[in-house]
Amino acid sequence: QVQLVESGGGLVQPGGSLRLSCAASGSMFRRYAMGWYRQAPGKQRELVGQVTSGGSINYADSVKGRFTISRDNAKNTVYLQMNSLKPEDTAVYYCNARTVAGGSFWGQGTQVTVSS
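This is a predicted model, so every value here is computed, not measured.

### Observations regarding the sheet that holds strand S7 (residues 67-72)
- Pairing is antiparallel in the open sheet, where four strands are placed in the order S1-S3-S8-S7. Each edge of the open sheet is held by one strand with a lone partner, namely strand S1 (4-7) and S7. If you compare each strand with its neighbour and ignore which way they point, the axes differ by 15° on average.
- Where S7 and strand S8 (residues 77-82) come together, six bridges link them in antiparallel fashion. The residue of S8 that forms the bridge with Ser-70 is Tyr-79.

### As for unusual backbone geometry
- Backbone geometry places Asn-76, a non-glycine residue, at a positive phi of 55°.
- With respect to the helices and strands, the residue Asn-76 is situated in the loop between S7 and S8.
- Taking the relative accessible area as the measure of exposure, Asn-76 reaches 16% and is therefore buried.

### Observations regarding the layout of surface pockets
- There is about 180 Å³ of room inside the largest pocket.
- Looking at the largest pocket, it is lined by 13 residues, and the ones nearest its centre are Arg-38, Lys-43, Glu-46, Glu-88 and Asp-89.
- Looking at the lining of the largest pocket residue by residue, the classes come out as two nonpolar, four polar and seven charged.

### Considerations on the state of the cysteines
- Taken as a whole, this structure holds one disulfide when the rule is applied.
- The disulfide bridge from Cys-22 ends at Cys-95, spanning 2.1 Å between sulfur atoms. Across the S-S bond linking Cys-22 and Cys-95, the dihedral sits near -80°, which makes this disulfide left-handed. Taken together, the positions of Cys-22 in strand S3 (residues 18-24) and Cys-95 in strand S9 (residues 91-98) put the pair 73 residues apart, joining distant regions of the chain.
- Cys-22 sits in the buried class, given a relative accessible area of 0%.

### Details of the pattern of salt bridges
- Within the structure shown, the criterion is met by four salt bridges.
- Glu-46 serves as the salt-bridge partner of Arg-38, at 2.7 Å between the closest nitrogen and oxygen.
- A residue is classified by how much of its surface remains accessible, and Arg-38, at 6% relative accessible area, is buried.
- We note a salt bridge from Lys-64 to Asp-61, for which the minimum N-O separation is 3.1 Å.
- A single network of salt bridges, built from pairs that share partners, joins Arg-38, Glu-46, Arg-66 and Asp-89.

The rules behind these values
- Residues numbered from 1 in each chain as written.
- Predicted model: local features only at pLDDT ≥ 70, side-chain atom pairs only at ≥ 80, totals over all residues.
- Heavy atoms only, no water.
- Pairing = 2+ DSSP bridges.
- Helix = DSSP H or I, 4+ residues; strand = E, 2+ residues; numbered from the N terminus.
- Axes fitted to C-alpha atoms, helices over the stretch in contact; angles between N-to-C directions.
- Buried < 20%, exposed > 50% of the residue type's maximum accessible area, 1.4 Å probe, protein only.
- 1 Å grid on protein atoms, 1.4 Å probe; cavity = no way out; pocket = protein on both sides within 12 Å on 5 of 7 lines; lining within 4 Å.
- Points joined across faces, edges and corners; volume = space filled by probe spheres on them.
- Nonpolar A, V, L, I, M, F, W, Y, C, P; charged D, E, K, R; others polar.
- Disulfide = S-S within 2.5 Å.
- Salt bridge = Lys/Arg side-chain N within 4 Å of Asp/Glu carboxyl O.

Okay, here's the thing in structure tokens:
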């Protein structure tokens, strides 16, 4: 069982920035693939970006060049730096961990609202 706790969401104006953090439990964090997903009202949950245990990273086209995902294995934490935020980025953002054994774990989510 992996417990994930997200933080860093909030209200920001268009063009602003936020950094989300996701802290994971356990001693195997460095072996997990970590991802950030988001779900806007009335829409399906979608992948924002993910980083593998080896450090490979990919992003959704809608956030490329604006969002940066990173991980700190010493702190069991994955980050999502979000710049140039747009109203369409408004959603609940979720952290996901995928283990080597095939397990998938989710955090509780953190709300990001982009509005003037």
